[in-house]
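# Close look at the chain arrangement
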Amino acid sequence: MSTGSGAASAPAPDPYDTPAAPDTPARGNSMFSSLGVRNYRLFFLGQVVSNIGTWMQRIAQDWLVLTLTGSSAAVGITTALQFLPMLLFGLYGGVLVDRLRKRPTLLVTQCAMALTAIVLAVLTLTGRVEVWHIYVAAFALGLATVVDNPARQAFVSELVGPGQLQNAVSLNSANFQSARLVGPAVAGLLITGVGTGWAFLLNGLSFVAPLAGLMMMRSRELHSVERAPRGKGQLREGLRYVAGRPELIWPIVLVGFIGTFAFNFPVYLSAFADDVFHGGAGVYSMFNTLIAVGSVSGALLAARRGTARLRLLIVAALAFGALEILAAASPRLWMFALIMVPLGLFSMTVNVTTNTSLQMATDPAVRGRVMALYMMVFLGGSPVGAPIVGWITDTYGARVGFAAGGAVAIAAATVIGLILARAGGLRLSLGWHHGRPTVRFVPRERQEALA
């Protein structure tokens, strides 16, 4: 494939629309069309098992920290340590991913993540676990994800090709969020029944499934992607590539703000479950399960769409922020729980739309670096945001912390939406339609003609 600006996956002129790649036609509008590809099917099934284990460990880890310390700030510190490596080394991980073969790289990173879970399980089951052990395990897991995350993101295009990319990315998100329906529920049963250590152990064992799937893939059926040769200045080259394209840089900035301040669900939801509604691990896992219901719906809806529109990203980010503020003000447990479903839907819409639009607008030769920058900003913002929102939550209460995260999401979406509109040659138009006021963006030429 070409590595220049004229590659088939290069950006479309309109930064609000990122169409499917033209060189490989999509197989209709089937919601599950990517599963017809054998290699992707193996990848998908392996991730189903592993993702359930991942969600089990997330719930168990957060609750164990809260049990040992009684502090939401400590939960925030754990989250921060898990994503700190992405903030520090994420771009270098992207450079490595662009140089290395994706499948062998994933075999190594998945083994490392399994080992981390098993060590934490042994410490917990033997009664020797301390908070600093969890901190170290979270940081070690973060080191593995520095390479694992961009490698998995970039590997999808090798599995299905550009014509199926939108569908495959959406199904990956549905896969991860479907596991969120099962993992937290199982984790809640394990925590209350036999202890958190078993959740860690089962997560470690769950990595057998993706490892087996990777080894069973047929190399000849992978879509060839040119790897970047070793050389100086590749990190700067990737940054310049993103900086020169509004349809790449501004969505990354937006999810940076949202990921840093609004996506800190471990801090917010554990505080609401424990301090506001005085529930236990079961209530916390219920919140995560309800968010997952909405997230799965959002991912499956995205799988049916043929394009990734940046205007949808802006609208979803605004709705997401508004729902966080509404949830923060909910006086009853049932009201708060009910809002978790649409909150999950719009959070997933933000996630999938950003991921897909970036991949489809990026030259394959720099895709690893672009996706690493995206993951670094999206996940790496947690080391900055999690302790801050944890402190706000401990000091001013869970409601203030949750509402502040929603306000940041709304402000960021509003400003960046206006920037993207200007970059796309659009202007805000106010008018009337069938007796009702309308607010929309129209091309500058059309607005001038109307004037």
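In this text, all values refer to a predicted model and were calculated from it rather than measured experimentally.

### A short note on the UniProt feature "transmembrane region" (unreviewed entry) in the protein
Residues annotated by UniProt as "transmembrane region" (unreviewed entry) correspond here to residues 104-125, 248-269, 281-303, 310-327, 333-352, 372-392 and 398-421. End C-alpha to end C-alpha, residues 281-303 measures 32 Å, and it is 100% helix and 0% strand. End C-alpha to end C-alpha, residues 398-421 measures 35 Å, and it is 100% helix and 0% strand.

### Looking at the pattern of salt bridges
For the structure on display, the rule yields four salt bridges. In this structure, the salt-bridge partner of R218 is E221, at a minimum N-O distance of 3.0 Å.

### Brief notes about the packing of aromatic side chains
Both the distance between ring centres and the angle between the ring planes are used here to describe each pair of aromatic rings. Under the criterion given, the structure shown has 16 aromatic pairs. Plain terms: the ring middles of F272 and F277 are 6.0 Å apart, the flat faces sit at 40 degrees to each other, and that makes the pair tilted. With respect to burial, F272 and F277 carry one shared label: buried. Ring geometry for W391 versus Y396: centroids 5.8 Å apart, planes at 85 degrees, classification edge-to-face. A residue is classified by how much of its surface remains accessible, and W391, at 49% relative accessible area, is partly exposed. Grouping aromatic residues by their ring pairs yields a cluster made of Y268, F272, F277, F287, F336 and F402. The residue whose ring lies beneath R58 is W55, and the NZ or CZ to ring-centre distance is 4.7 Å. Across the ring face of Y241, the terminal group of R245 is positioned such that the distance to the ring centre comes to 3.8 Å.

### Considering the environment of L300
Considering the arrangement of structural elements, one finds L300 in helix α11 (residues 281-304). Note: C-alpha distance between L300 and F32 (268 residues apart in sequence) is 8.9 Å. Ignoring anything within four residues of it in the chain, the contact list for L300 reads M31, F32, L171 and A174.

### Let's talk about the packing of helix α9 (residues 246-261) against helix α12 (residues 310-328)
Taken N-terminus to C-terminus, the directions of α9 and α12 make an angle of 15 degrees; their axes are 12 Å apart at the nearest point. In terms of axis orientation, α9 runs roughly parallel to α12. Crossing handedness for the pair α9 and α12: left-handed. The segment α9 lies against α12, with E247, P251, L254 and I258 engaging L310, L313, I314, A317 and F320. For the contact of α9 with α12, the class distribution of residues is eight nonpolar, no polar and one charged.

### So, the side chain of T78
On the secondary structure map, T78 appears in helix α2 (residues 72-99). Those residues in contact with T78 that sit more than four places away from it in its chain are Q61, V65, I134, Y135 and A138.

### Some points on the environment of M340
Position of M340 relative to the elements: it lies in helix α13 (residues 333-360). Overall, the relative accessible area of 0% leaves M340 in the buried class. Among residues more than four places away in sequence, those in contact with M340 are L269, F287, L290, I291, A327 and F402.

Definitions and limits used
Numbering of residues starts from 1 in every chain and runs along the sequence as written. Only residues with pLDDT of at least 70 are given local features in this predicted model, and only at 80 or more are side-chain atom pairs given and counted; all residues enter the totals for whole chains, interfaces and linings. No hydrogens and no water enter the side-chain calculation; it runs on all heavy atoms of the structure. UniProt positions are given in the numbering used here, feature names are shortened, and annotations may be inferred rather than shown by experiment. A run of H or I in DSSP counts as a helix once it spans at least four residues, and a run of E counts as a strand once it spans at least two, with each numbered from the N terminus. Salt bridge criterion: a side-chain nitrogen from Lys or Arg within 4 Å of a carboxyl oxygen from Asp or Glu. Any Phe, Tyr or Trp ring, taking Trp's six-membered ring, that has another such ring centre within 6.5 Å forms a pair; planes under 30 degrees apart are called stacked, those over 60 apart edge-to-face, and the others tilted. We call a residue buried when its accessible area falls under 20% of the maximum for its residue type, exposed when it is over 50%, and partly exposed in between, using a 1.4 Å probe and counting protein chains only. Our definition puts a charge over a ring when NZ of Lys or CZ of Arg is within 6 Å of the ring centre and also within 35 degrees of the ring normal. Whether two residues touch is decided by their heavy atoms; if any such pair falls within 4.5 Å, the residues are in contact. Every axis corresponds to a line fitted to the C-alpha atoms, with the helix fit spanning only the stretch in contact, and the corresponding angles, defined between N-to-C directions, vary from 0 to 180 degrees. Each angle gets one of four labels, with under 35 degrees taken as roughly parallel, over 145 as roughly antiparallel, 65 to 115 as roughly perpendicular, and the rest as oblique. Whether a crossing is left-handed or right-handed is set by the direction in which the near helix is turned from the far one by less than a right angle, anticlockwise for left-handed and clockwise for right-handed. Each residue is assigned to one class: nonpolar for Ala, Val, Leu, Ile, Met, Phe, Trp, Tyr, Cys and Pro, charged for Asp, Glu, Lys and Arg, and polar for all the others, Gly among them.

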